[in-house]
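Here is what each chain is made of, one letter per residue.
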Amino acid sequence: MSELARLQQGFASGLLGEDDTILAHLQPGRFPADAVLQIYRNNVILGLTEVLASSYPAVKVMLGEAFFAAAARGFVLAEPLREGSVMHYGEGFGDWLTRLPTTRALPWLGELARFEWMLERASLLAPESRRWPAERLAALSPAQWEQLVLHPVCDLLLLESRHPVLALWQMALHGGETVSELGAPSWLALKKRPGHRVDPIPLDATSWRLLQGCQQGRPLASLLAQEPAMAEHLAPLITLDLLVDLELAP
């Protein structure tokens, strides 16, 4: 390891409070070296706490500012930034929160955090330009239907939860109604719209499984054989612009 790499590693360890060997390389000025290191350390923790607050605004509201700040600080020290960009930082925050003894009475918290993380991930997807090819579908022969595979939009993420995460998110950030049934499951399609906005689209379980099967590349005939009721949900998914292409499987 080069001398520069050793210094960088030592500085990173110092920022995380793991050791203070870097102090020997800091030149004291108006403030002693340990005070200077603490200033850097506080700035790193504060900066990454702001990143987490940006990714998890509803979680922050639900927990309260003081609790969220303390939890974020613990996460930053336990799961420090490992790369130069903060774009992908914070993915495991929800799982980390659920392991805290103080959140055991909030079984929905980790799912709400997972929902917010996926909302942000969906906003980064490349936008979809395809539209449902009705003419191509009409041109297929009956024999070809057995090979038909439907394709969802590319700017879509699917979320299944044991808790009403959309209602909790709306309650926290958008003045939604108070959620009383915390054990109600939810099935959501997170669809990117123009301007990096993401629409959480509530689905029923059957529509969600149909969309998931299409996303996995399974032939439509196979999906309908497994669950015939899915046939009734094809038109609504097309109307919602969630299914946009088709092909014939080999």
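Check the entry above for the structure.
So, how was this worked out
Residues numbered from 1 in each chain as written. Predicted model: local features only at pLDDT ≥ 70, side-chain atom pairs only at ≥ 80, totals over all residues. Heavy atoms only, no water. Helix = DSSP H or I, 4+ residues; strand = E, 2+ residues; numbered from the N terminus. Contact = heavy atoms within 4.5 Å. Buried < 20%, exposed > 50% of the residue type's maximum accessible area, 1.4 Å probe, protein only. Pairing = 2+ DSSP bridges. Axes fitted to C-alpha atoms, helices over the stretch in contact; angles between N-to-C directions. Parallel < 35°, antiparallel > 145°, perpendicular 65-115°, else oblique. Nonpolar A, V, L, I, M, F, W, Y, C, P; charged D, E, K, R; others polar.

Draft legend 1. The arrangement of the environment of Gly110 in detail. Turning to its location among the elements, Gly110 is positioned in helix α6 (residues 109–123). Taking the C-alpha atoms as reference points, Gly110 and Gly92, 18 residues apart in sequence, are found 9.6 Å from one another. Ignoring sequence-local partners within four residues, the contact set of Gly110 consists of Gly94 and Thr98.

Draft legend 2. The arrangement of unusual backbone geometry in detail. Of note in this structure, His196 is not a glycine but carries a positive phi near 65°. Along the polypeptide, His196 turns up in the loop between β3 (186–192) and β4 (198–203). Since its relative accessible area comes to 54%, His196 is described here as exposed. One non-glycine residue with positive phi stands out, namely Asp241, at about 60°. Looking at where Asp241 falls in the secondary structure, it is placed in the loop between α11 (234–239) and β5 (243–248).

Draft legend 3. Highlighting the pairing of β3. Burial within β3 is extensive, with six of its seven residues counted as buried. Across six bridges, strand β2 (residues 156–161) lies against β3 in antiparallel orientation. When the sheet's bridge partners are listed, Leu157 is paired in β3 with Leu190.

Draft legend 4. Main features of the packing of α6 against helix α8 (residues 165–173). The N-to-C vectors of α6 and α8 enclose an angle of 80°; their axes lie 9 Å apart at closest approach. Relative to α8, the element α6 lies roughly perpendicular. Residues Glu111, Leu112, Phe115, Glu116 and Leu119 of α6 pack against Val165, Leu166, Leu168, Trp169 and Leu173 of α8. For the contact of α6 with α8, the per-class residue count stands at eight nonpolar, no polar and two charged.

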